[in-house]
Structures are given as structure tokens and as C-alpha cells.
Amino acid sequence: MSGAFGGDPFNGEEFDPDFDPTGPDPFDDSPAGLSPFTLAPFTPGPALLFCPADRPERYAKAAERADAVILDLEDAVAPEDRVAARRALIEHPLEAARTIVRINPADTTDFALDLAALERTEYRDVMLAKTVSAGQLERLAEYRVIALCETAAGVISATEIAAARNVVALMWGAEDLLASLGGTSSRFANGSYRDVARYARSQVLLAARAHDKAAIDAVHLDIIDTAGLEHEAADAVASGFTATACIHPSQVEVIRAAYQPTAAEVDYALGLLEAAASARGVFQHGGRMIDGPVLRHAEAVLRRAAR
């Protein structure tokens, strides 16, 4: 909370009742025109669906179902099938603006082969698996990079990675992280994340948003656990994530529903901003104290509703 009762968090200016949820944040006076509350340029939609790159027969269906497709050249493809996967990537193009290609880690021989295949496509959004430093991103200067921080080194370096010029988003991954730690499971028996996974999730989110980059939440591996996915996606929205990745088409609508505000949430946000138009400084609304940050929360709801 900023300001105090009797102070004026709006610098004496009346709130604009004609607030445009698709426009710039009226409270943002940062030189770059962006703030941690403003969506980063990477905004394809909330549901990003992984698709094995060696299964071109699934490409079109994945693109039809999801907001963006992540064609995976890494974990979803057996090493012996990566040559075929790169060929499929070239021979079965999708809409470039809605396609991301996950490439192999920068310290592997597959990395250079992946880049050679990418050069023969129109794709310019890449996800670098197991990103551990900003230096690795210099080799991807021609691409918009989603840095996947899924190791201990990557999570610790998330702030440095997020600051890289060509990074448009950060994502985290739980299972590779636990493997890098020598652990065996990212979750408790009840399905909730262990503390170390929750820390990594928070670290990546904070690093991304501190540099005005998008933040992508990790996949929910238990496909039939719809309730668990609903809970995690709702928490992702409330925490500030831009999107959630998924591994099965059935998960797409669950994620979309979580990111889309309910009619009641939209009505409340509209009513709150309308009340702010005639208020001076901090005020009460529905028994709740309202100041600048709370109004930004309402604006975020309306921006999501307008997408």
C-alpha cells in the first residue's frame, strides 16, 4: 500500500473515468512507458500448448486449440528422432506469430543443429531450455527468447537473464529443477509444490516482472487433475503471471477460464474505477480502503477482460 489516510496517492489529479483497459497505465510515469503492472510485449494469450516437434500430424490441431503452440525439439523428442523433428519443423510451417520453438540447451550439440533448422523457417520466438546465464542469449540475438529457468543455476540467475535485451519472457520448470538439485519430486503427496519449487516459481516471476517481461507458469503434469490445474492457474493470474503452459489440449480451456475475469469481477472493477472518478485520495468502497495499488488491480482485471 502506498500513501496513508489523508494523503493523495494520485498527486492531486482526478482519476480518468474514461479509462481504456487496452491503453497505457494512467498511473505509469516510468521513462520506458512500462511498469510491472503493464503487460510485456509477449502477449499471445494465456494458454501455451507444447507439441512434440516430431509429430507434425498434431501441429494444426494444437494451433487450433491453443493461443500459441510450443513446438518442442527438446524433452518431448527422443534424441534419435531429433533429425526428423527438425525436418518436420521446416516442412510443416505454422503461423509464426503464434508459434514458439523450444530448442535444446546452449551447451549441447543439438543447440547448433536446432538453430540451423530455425534459419530455414519464419519462426522468431524461441524457448531456450535450461537457460543458466544471460551470456547464452547472445547466440540468439536474432530471436525473441523465452528463457526457461529450470535448473538451480537458471533460477539463481533469473534476474540477470530477464535483463537481457532479446528476452521477452521467463518461464520456470519444476521437474528439471528438482533433478538439478538431486531431488526426486517437486510436489507433496497432496499435489502441492514443495517449498523449493514455490521459491523458484516466485523468483522467476519477480525477475521477469521487475524487467517488464512476461512470466509463464509451469505445466501441470497430472492431466486428469483438473481441479489442481484450476487452482494453480487461478493463483498464477492473481500473482501476476502472463500465461500458463500446458501439455494436453484438454488443459487449454481450463487455463483460459482462469485468466478470463468473471462478470462479477469485471463489474466490481468498473464500479471501483467509477467511484474513484469522484474520490479524492484514499477512499472507502464496499467497506474496503482503496488507494492507487488497488485501482491498478482493477485495471489489470479490465485489461485481461479486453484480451
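Let me begin by describing the structure that accompanies this report. (Residues numbered from 1 in each chain as written. Predicted model: local features only at pLDDT ≥ 70, side-chain atom pairs only at ≥ 80, totals over all residues. Heavy atoms only, no water.)

Turning next to the sheet that holds strand β4 (residues 125-128). Pairing between the strands of a sheet is mediated by backbone hydrogen bonds and can be parallel or antiparallel. The parallel closed barrel is built from 8 strands, whose spatial order is β1-β2-β3-β4-β5-β6-β7-β8. Ignoring which end each strand starts from, the neighbouring axes of this sheet average 25° apart. As paired strands, β4 and strand β5 (residues 144-149) are joined by 4 bridges and run parallel to one another. Among the inter-strand pairings, L128 is bridged to a residue of β5, identified as A147. Helix α3 (residues 109-118) contacts β3 (99-103) and β4 of the sheet and is inclined by roughly 155° relative to β3. (Pairing = 2+ DSSP bridges. Helix = DSSP H or I, 4+ residues; strand = E, 2+ residues; numbered from the N terminus. Axes fitted to C-alpha atoms, helices over the stretch in contact; angles between N-to-C directions. Contact = heavy atoms within 4.5 Å.)

Okay, the packing of aromatic side chains next. Under the criterion given, the structure shown has 1 aromatic pair. Note that R187 overlies the ring of Y193, its terminal NZ or CZ placed 4.0 Å from the centroid. (Phe/Tyr/Trp six-rings, centres within 6.5 Å; stacked < 30°, edge-to-face > 60°. Lys NZ or Arg CZ within 6 Å of the ring centre and 35° of its normal.)

With that settled, the discussion passes to the side chain of E232. With respect to the element layout, E232 can be found in helix α8 (residues 226-239). Taking relative accessible area as the criterion, E232 reaches 12% and is therefore assigned buried. In this structure the side chain of E232 is engaged in a polar contact, spanning 3.1 Å, whose partner is the side chain of H220. Once you skip the residues sitting within four places of it in the chain, E232 turns out to touch R187, G191, Y193, R201, D217 and H220. (Buried < 20%, exposed > 50% of the residue type's maximum accessible area, 1.4 Å probe, protein only. Polar contact = N/O pair within 3.5 Å; in protein donor to acceptor, adjacent residues only side chain to side chain.)

Taken as a whole, helix α9 (residues 252-259) has its buried residues at V252, V254, I255 and Y259. Projected onto a plane normal to the axis of α9, the buried residues spread over an arc of 165° and lie on a single side. Of the surrounding secondary structure, the elements contacted by the buried residues of α9 are β1 (47-52), α1 (59-65), α8, β8 (243-246) and α11 (292-306). (Arc of directions from axis to C-beta.)

The next subject is the layout of surface pockets. The space that makes up the largest pocket amounts to roughly 850 Å³. Put simply, the parts of the chain that give the lining of the largest pocket at least two residues each are α7 (195-210), α8, α9, α10 (263-277) and α11. The leading source of residues in the lining of the largest pocket is α11, at 8 residues. The class makeup of the residues in the lining of the largest pocket is 20 nonpolar, 6 polar and 7 charged. The space that makes up the second largest pocket amounts to roughly 530 Å³. Taken together, 28 residues form the lining of the second largest pocket, with F50, D72, R102, V219 and I247 sitting closest to its centre. Secondary structure elements with two or more residues in the lining of the second largest pocket: β1, α1, β6 (167-172) and α6 (174-181). Tallying contributions element by element places β1 first for the lining of the second largest pocket, with 4 residues. Tallied by class, residues from the lining of the second largest pocket come to 16 nonpolar, 3 polar and 9 charged. (1 Å grid on protein atoms, 1.4 Å probe; cavity = no way out; pocket = protein on both sides within 12 Å on 5 of 7 lines; lining within 4 Å. Points joined across faces, edges and corners; volume = space filled by probe spheres on them. Nonpolar A, V, L, I, M, F, W, Y, C, P; charged D, E, K, R; others polar.)

As a further point, take the nonpolar core. Membership of the largest hydrophobic core comes to 61 residues, with the highest contact counts inside it found for L71, L89, I103, L118, L140, L170 and W172. For this core, the element with the highest residue contribution is α7, accounting for 6 residues. Filtering out sequence-adjacent residues up to four positions away, W172 remains in contact with L148, C149, Y193, A197, A200, R201, V204, I216, D217 and A218. Listed in part, the 17 residues of the second largest apolar core include L48, A68, I146 and M171. (Core = buried A, V, L, I, M, F, W, Y, C linked by side-chain atoms within 4.5 Å.)

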